[in-house]
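Topology and contacts: notes
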Amino acid sequence: GISLTDGIRREGNRESPLGNLFTDLMRQARPQADVALYNGGGLRADLPEGPLRYGSFYEALPFDNRFAFVRMQASDLAAMLLHDATSGGSFLSVSGVHAEITCAEGAARIVLTRPDGSVVRDDEALLIVTSDFLATGGDLYFSAARERDGGVTLEDGAPMREAMVQALRTHGGALSSSELYSPSAPRVAYPGERPVRCTP
């Protein structure tokens, strides 16, 4: 029910159209979440140009992971995204906030804003939707949240892929990679290349 005007490409170690699409679909499928996060290592195939088939989406997301919810303060999310930018490796795709990382006096700093441009305060409580792989310790992103009582909630039922496919069906029409990612206006902006290095 949806056609891609060009290929939706993946990148494991930097922001990509496919990573942004996945996190957007996760938030659409679970709108109670403020932010969606997904790891670059989980992007397994590009989506080809033309009518999108279930098989192509399955190849891009072949895992039977379920949705998971993590409660955390915005300051914890900011620290996670800052660490991701300064450590390199698998890129953490995000939907629901934009992150701007800058260097000042030899240190990397980060500010989170919503898509409407409003600043996210450090003390704000956020509900994050992610995969059960990440929420239960995969890639060590949510280690601190797992230690808090009630910090992580796992869903039962069908794999998250099925709800994401349904969100695509609801969208319908056409979709292009330029709608998902613009190099001049990334969701995570930082100076230079990952890993970010700030020198005095």
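If you're wondering where the values come from, they're calculated on a predicted model, not measured in any experiment.

1. A short note on the overall build of the chain
Summing up its helical and strand segments, the chain has seven helices and 11 strands in all. Here the chain has a C-alpha radius of gyration of 16 Å; the compact-globule value for 200 residues is 16 Å, and the two agree. Dimensions along the principal axes, computed over C-alpha positions, put the chain at roughly 50 × 40 × 30 Å. Scored against the burial criterion, the 200 residues of the chain give a buried share of 48%. Taking all contacts inside the chain whose residues are at least 6 apart in sequence as the whole, residues at least 24 apart take part in 76%. Total accessible area on the chain is roughly 9,600 Å²; 48% of this is exposed by carbon and sulfur atoms.

2. Quick notes on the pairing of strand β2 (residues 35-39)
On a regular strand, one side chain projects to one face of the sheet and the next to the other, so that they alternate. Most of β2 is tucked away: five of the five residues are buried. The two faces of β2 match: Val35, Leu37 and Asn39 on one face and Ala36 and Tyr38 on the other face are all buried. Relative to strand β8 (residues 125-131), β2 is paired through two bridges, and the arrangement is parallel. Bridging across to β8, Ala36 finds its partner in Val129. Taken together, the four bridges between β2 and strand β5 (residues 92-95) define a ladder with antiparallel strand orientation. Paired with Ala36 across the strands is Ser95, a residue of β5.

3. Examining helix α1 (residues 17-29)
For an α-helix, 3.6 residues make a turn, and residues three or four places apart therefore share a direction. For α1, spanning 13 residues, the distance from its first C-alpha to its last is 18 Å, which sits close to the expected 18 Å at 1.5 Å a residue. The buried count for α1 comes to 11 of 13 residues, which makes it a mostly enclosed element. Where α1 is concerned, the buried positions are Pro17, Leu18, Gly19, Asn20, Leu21, Phe22, Thr23, Asp24, Leu25, Met26 and Ala29.

4. A look at the sheet that holds strand β9 (residues 152-154)
With mixed pairing, the five strands of this open sheet are ordered in space as β5-β2-β8-β4-β9. Every other strand in the sheet has two partners, leaving β5 and β9 as the edge strands with one partner each. Taken pair by pair, the neighbouring strands of this sheet meet at an average axis angle of 25 degrees, ignoring direction. The sheet contacts of helix α3 (residues 74-87) involve β2, β4 (67-73), β5 and β8, and relative to β4 the element is tilted by about 110 degrees.

Analysis parameters
Residues numbered from 1 in each chain as written. Predicted model: local features only at pLDDT ≥ 70, side-chain atom pairs only at ≥ 80, totals over all residues. Heavy atoms only, no water. Helix = DSSP H or I, 4+ residues; strand = E, 2+ residues; numbered from the N terminus. Rg over C-alpha atoms; globule rule 2.2 N^0.38 Å. Buried < 20%, exposed > 50% of the residue type's maximum accessible area, 1.4 Å probe, protein only. Contact = heavy atoms within 4.5 Å. Areas by Shrake-Rupley, 256 points an atom, 1.4 Å probe, with all protein chains shown as cover. Pairing = 2+ DSSP bridges. Expected span 1.5 Å × (residues − 1). Axes fitted to C-alpha atoms, helices over the stretch in contact; angles between N-to-C directions.

On their own, these measurements won't tell you what the molecule is for.
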